[in-house]
Amino acid sequence: MFKQTAAITSMNLRAIPQRIGTSWVIVIGIAVTVAVLVSVLAMVAGFSKTLSSTGRVDRVIVLRGGSNAELSSTVSRENTINIMDAPGVKKDTEGKPVASAEMVAVVALPLKKTGTAANLTVRGVGLKNAELRPEIHLIAGRMFQPALRELIVGRSAMAQFKGVDIGSHITIRDSEWTVVGEFESGGDAHESELMGDIETVLSAFRRGNTFQSVTVMLDSPEAFAQYKDKLTTDPTLTVDVEREPDYYAAQSKQLSKLLNFLAFGVGSIMAIGAIFGALNTMYSAVSARSLEIATLRAIGFGAGAVVVSVFVEALLLSLVGGLIGAAAAWLFFNGNTVNTLGANFTQVVFRLTVTPHLLVSGIIWSCIIGVLGGLFPAIRAARLPVATALRAA
Amino acid sequence: MSAIVSLHNVVKTYTRGKQTVEVLHNLSIEIAQGDFVALMGPSGSGKTTLLNLIGGLDRPSKGEVNVAGERIDQLSSGQLAKWRARHVGFVFQFYNLMPMLSAERNVELPLLLTNLSSAQRKQNVQAALAVVGLAERAKHKPAELSGGQAQRVAIARALVADPTLLVCDEPTGDLDRTTADEILHLLQMLNKDHGKTIVMVTHDPKAAEFASHQLHLDKGQLVEGSVHA
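Only a predicted model underlies this, so the values are computations on that prediction, with no experimental measurement involved.

Calculation criteria
Residues numbered from 1 in each chain as written. Chains lettered and ligands numbered in written order. Predicted model: local features only at pLDDT ≥ 70, side-chain atom pairs only at ≥ 80, totals over all residues. Helix = DSSP H or I, 4+ residues; strand = E, 2+ residues; numbered from the N terminus. Buried ≥ 20, exposed ≤ 12 C-beta atoms within 10 Å, placed from the backbone. Contact = placed C-beta atoms within 7 Å. Expected span 1.5 Å × (residues − 1). Arc of directions from axis to C-beta. Nonpolar A, V, L, I, M, F, W, Y, C, P; charged D, E, K, R; others polar. Core = buried A, V, L, I, M, F, W, Y, C linked by C-beta atoms within 7 Å. Pairing = 2+ DSSP bridges. Axes fitted to C-alpha atoms, helices over the stretch in contact; angles between N-to-C directions. Parallel < 35°, antiparallel > 145°, perpendicular 65-115°, else oblique. Left-handed = near helix turned anticlockwise from the far one by under 90°. pLDDT = per-residue confidence, 0-100.

Trainee: With reference to specific residues and values, describe the overall build of chain B.
Mentor: Scanning chain B from N- to C-terminus turns up 7 helices and 10 strands. Here chain B holds 229 residues, and the buried ones make up 50% of them. Contacts in chain B between residues at least 24 apart in sequence constitute 70% of all its contacts with a sequence separation of at least 6.

Listed below in structure tokens is the structure:
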């Protein structure tokens, strides 16, 4: 059986140059399908990675009860004191809580790629920001100074937006702010933000004593339950308390779902097209070789060997298409930065991440298309009436 | 000599749309081992159908077909394929060679169904090509061969596994007279010198003269010149 199959398959493959046009239908159809699937899934992977890498398990974000995101939350100044002083919050050497009461606002700035305006987050952060978020490192310029209209810009935001270079001036609420530094924070969501002194930002946006969130560092990850209990049972507070990774994972969930749906929805539609392409190609291949198949069957080759050989050809062509599609997705999309609306209706910049897992998924997808596209032509080849096919020649 | 082909009361019908057409009517023939039989008759007389039944490419609607000591009308498709591989060598009008394979690879095809080693296969292929006088063209592809050479390669392919029976369907139908005669001499040599039983369908009376016996079919029945009837 193996020798028979190998012989017929070898003949089929050698005949491909004679059918190069129709063979490309399979290869290109599947390559495009896989490239689209992998690149959209790379978007999901990159977006999820960006948001899930934001935050630490020993860091907690506190929002007004029922708020889904910081933009819809409000926390009064007096409440921030209770939130920061609750047991479990880490204290610095002076006994002050490592915490930051913050506000976020949006400013519209032009994107470098298109020139169209998009929303960029401006985050006002407290004096303890450096201790609270040690992952933030200045990579150019200097830190903003309290009480001055100065901002530092995240690396991803700088890559995407015009007019945020160090030394640039940004107009926010009729006042001019200067970008004084650039920071990176391991590719997390904060890299898509501008940061400035909280009191100055509050003042510029005329928010008075209303913050939007409080982020605190805990003594340890285990202190979370005690801390949460304390805040949620405090009758003066109505707050939601979440570990940062949980909060950002929830923020990415909806968009990830949508992108997944898009990837598999569009991928499935394209796959159906590719299956028909493969069916058409393999039917014509079987039809073009009906005399050869009938001759081999007459000589004594079994129907099983014929079926397997048609399958192998469809699979190999599909595999080539899958490899080309996966390689194209990796070459053209892996590491590309794109931006999308995040939870605060602001741009989150993230990198498309074509992981090995996605490449394997794309190739498996191509093989499934190949199997389905080869199935019916293979059955047809096996059922070919030998005497009739020989006579038709 | 004992009969190597024996058909008893064979009926073959085909369905064309709603019509059933009986191609062979209660046909009974016997062909002796070592014979060279030419099947003749007008188009539609049933000679190719008869050849297909003898070669195990088709099954009768009724009746018995015994070839090479086996009742082949009762075999399944898979069993028939294996049986053909063991007992029958086919020669077709248009050679039916695989265009992408060289002459020797074409000849080797039936041997891929055996347990012979690669070296043994190569030896047998060379021997078969030598018998048909084409040893020097072993590496050539069908497109590089003349019609007569291609048919010789096809005959070598039919011979290489040493089948009990050679079944030839218009083997000279695509060749000029001179080349046709060369092929017929080759078949005659295989019959006389190598003892091969040959059943050949032909329209050509001159080709039929190379056979030891002629069977004439008309409208699905034997009309004259029977062999051990």
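Trainee: Got a sec to walk through the overall build of chain A? Specific residues and values, please.
Mentor: If you tally the helices and strands in chain A, you get 12 helices and 14 strands. Looking at chain A residue by residue over its 393 residues, the buried ones come to 50%. The contacts in chain A between residues at least 6 apart in sequence include a share of 84% that link residues at least 24 apart.

Trainee: Give me helix 6 (residues 177–194) of chain B: which residues, what numbers.
Mentor: Residue and element names in this part refer to chain B. The terminal C-alpha atoms of helix 6, which comprises 18 residues, lie 25 Å apart, in line with the 26 Å expected from a rise of 1.5 Å per residue. If you check which residues of helix 6 are buried, you get Ala180, Ile183, Leu184, Leu186, Leu187, Leu190 and Asn191. Relative to the axis of helix 6, the buried residues are bounded by an arc of 150 degrees and lie together on one face. Opposite the buried face of helix 6, by more than 90 degrees, sit the exposed residues Arg177, Thr178, His185, Lys192 and Asp193. Packed against the buried residues of helix 6 are strand 3 (36–40), helix 5 (147–159), strand 7 (165–169), strand 8 (197–201) and helix 7 (205–208).

Trainee: Give me the environment of Leu165 of chain B: which residues, what numbers.
Mentor: With respect to the element layout, Leu165 of chain B can be found in strand 7. When the C-alpha positions of Leu165 of chain B and Ile4 of chain B are compared, they lie 8.5 Å apart, and in sequence the two are 161 residues distant.

Trainee: Residues and numbers for the interface of chain A and chain B, please.
Mentor: Listed by partner, the interface residues are 21 residues for chain A and 21 residues for chain B. Those elements that place two or more of their residues in the side of chain A that touches chain B are helix 1 (2–14), helix 9 (290–299) and helix 12 (386–392) of chain A. Per element, the largest residue contribution to the side of chain A that touches chain B is 6 residues, and it comes from helix 9 of chain A. Taken together, the residues that form the side of chain A that touches chain B break down as 12 nonpolar, 4 polar and 5 charged.

Trainee: Describe the environment of Asn82 of chain A, and please don't skip the residues or the numbers.
Mentor: Residues and elements named next belong to chain A. Residue position: Asn82 is located in helix 3 (residues 77–85). Classification of Asn82 as partly exposed rests on a count of 18 C-beta atoms within 10 Å. If we ignore the near neighbours within four places in the chain, the residues touching Asn82 are Asp234, Thr236 and Leu237.

Trainee: Please give an account of the nonpolar core that cites residues and values.
Mentor: Val38 and Ala42 of chain A together with Leu39, Ala156 and Val199 of chain B are the most contacted members of the largest nonpolar core, which totals 138 residues. Sort the elements by how many residues they give to this core and helix 2 (residues 20–52) of chain A lands first, with 16 residues. Setting aside chain neighbours within four positions, we find Ala156 of chain B in contact with Val107, Ala128, Leu129, Val131, Val132 and Leu134 of chain B. Counting 53 residues, the second-largest nonpolar core is a separate cluster that includes Ile83, Leu132, Leu218 and Phe224 of chain A.

Trainee: Would you mind going over the pairing of strand 4 (residues 62–67) of chain B in detail, with residue names and values included?
Mentor: Residues in a regular strand point their side chains to alternate faces of the sheet. Residues and elements named next belong to chain B. Alignment of strand 1 (residues 3–16) against strand 4, held across 5 bridges, turns out to be antiparallel. When the sheet's bridge partners are listed, His8 is paired in strand 4 with Glu64. Taken together, the 2 bridges between strand 4 and strand 5 (residues 70–71) define a ladder with antiparallel strand orientation. Among the inter-strand pairings, Asn66 is bridged to a residue of strand 5, identified as Arg71. Hairpin connection of strand 4 to strand 5: 2 residues between the antiparallel strands, including Ala68 at a positive phi of 55 degrees.

Trainee: Describe the packing of helix 5 of chain B against helix 6 of chain B, listing the residues and the values that go with them.
Mentor: Residues and elements named next belong to chain B. Between helix 5 and helix 6, whose axes approach to 9 Å, the crossing angle comes to 20 degrees. Regarding the angle of helix 5 to helix 6, the classification is roughly parallel. In this structure, helix 5 crosses over helix 6, and the sense of that crossing is right-handed. Taking contact as the criterion, the partners of Gly147, Gly148, Gln151, Arg152, Ile155 and Leu159 in helix 5 are, on helix 6, Thr179, Glu182, Ile183, Leu186 and Leu190. Across the contact of helix 5 with helix 6, the residue classes break down as 5 nonpolar, 4 polar and 2 charged.

Trainee: If you had to explain the pairing of strand 3 (residues 99–110) of chain A to someone new, which residues and values would you point to?
Mentor: All names here are of chain A. In terms of burial, strand 3 is largely enclosed, as 9 of its 12 residues are buried. Alignment of strand 3 against strand 11 (residues 213–217), held across 4 bridges, turns out to be antiparallel. Among the inter-strand pairings, Glu102 is bridged to a residue of strand 11, identified as Ser213. Relative to strand 4 (residues 117–125), strand 3 is paired through 8 bridges, and the arrangement is antiparallel. Across the sheet, the residue bridging to Ala105 is Val122, located in strand 4. Hairpin connection from strand 3 to strand 4: 6 residues lie between these consecutive antiparallel strands, with Gly115 at a positive phi of about 80 degrees.

Trainee: Explain the packing of helix 10 (residues 303–333) of chain A against helix 11 (residues 356–383) of chain A residue by residue, including any values.
Mentor: When two helices pack together, their arrangement is given by the angle between the helix axes and the distance between those axes. Residues and elements named next belong to chain A. Between helix 10 and helix 11, the least distance of the axes is 7 Å, while the angle of their chain directions is 155 degrees. Considered as vectors, helix 10 and helix 11 are oriented roughly antiparallel to each other. Classified by chirality, the crossing of helix 11 by helix 10 is right-handed. Among the residues making up the contact of helix 10 with helix 11, the classes are represented as 23 nonpolar, 9 polar and no charged.

Trainee: Provide a residue-level description of the sheet that holds strand 4 of chain B, including the pertinent values.
Mentor: Residue and element names in this part refer to chain B. Reading across the sheet, the 4 strands line up as 2-1-4-5 and stay open at both edges, with antiparallel pairing between neighbours. Whereas interior strands pair on both sides, the edge strands pair on one side only; in this sheet they are strand 2 (19–32) and strand 5. The strands touched by helix 1 (residues 47–54) are strand 1, strand 2 and strand 4; relative to strand 1, the strand with the most contacts, the crossing angle is about 125 degrees.

Trainee: An account of the environment of Gln74 of chain B is needed here, citing residue identities and associated values.
Mentor: Residues and elements named next belong to chain B. For Gln74, the location among the structural elements is in the loop between strand 5 and helix 2 (77–87). Take Gln74: there are 11 C-beta atoms within 10 Å of it, and that puts it in the exposed class. For the pair Gln74 and Pro60, spaced 14 residues apart in sequence, the C-alpha to C-alpha distance is 9.5 Å.

Trainee: Would you mind going over the confidence of the model for chain B in detail, with residue names and values included?
Mentor: Per-chain confidence: chain B averages 91 in pLDDT, with 97% of residues scoring 70 or above. Of the two predicted TM-score estimates for the complex, the pTM is 0.65 and the ipTM is 0.91.

Trainee: An account of unusual backbone geometry is needed here, citing residue identities and associated values.
Mentor: Excluding glycine, a negative phi dihedral is what most residues carry, and trans is how most peptide bonds are arranged. Residue and element names in this part refer to chain B. For Asn9, which is not glycine, the phi dihedral falls at a positive 50 degrees. If you trace the backbone, Asn9 turns up in strand 1. A count of 13 C-beta atoms within 10 Å places Asn9 in the partly exposed class. Even without a glycine there, the phi angle at Ala68 is positive, about 55 degrees. For Ala68, the position within the fold is in the loop between strand 4 and strand 5. We classify Ala68 as partly exposed; it has 17 C-beta atoms within 10 Å.

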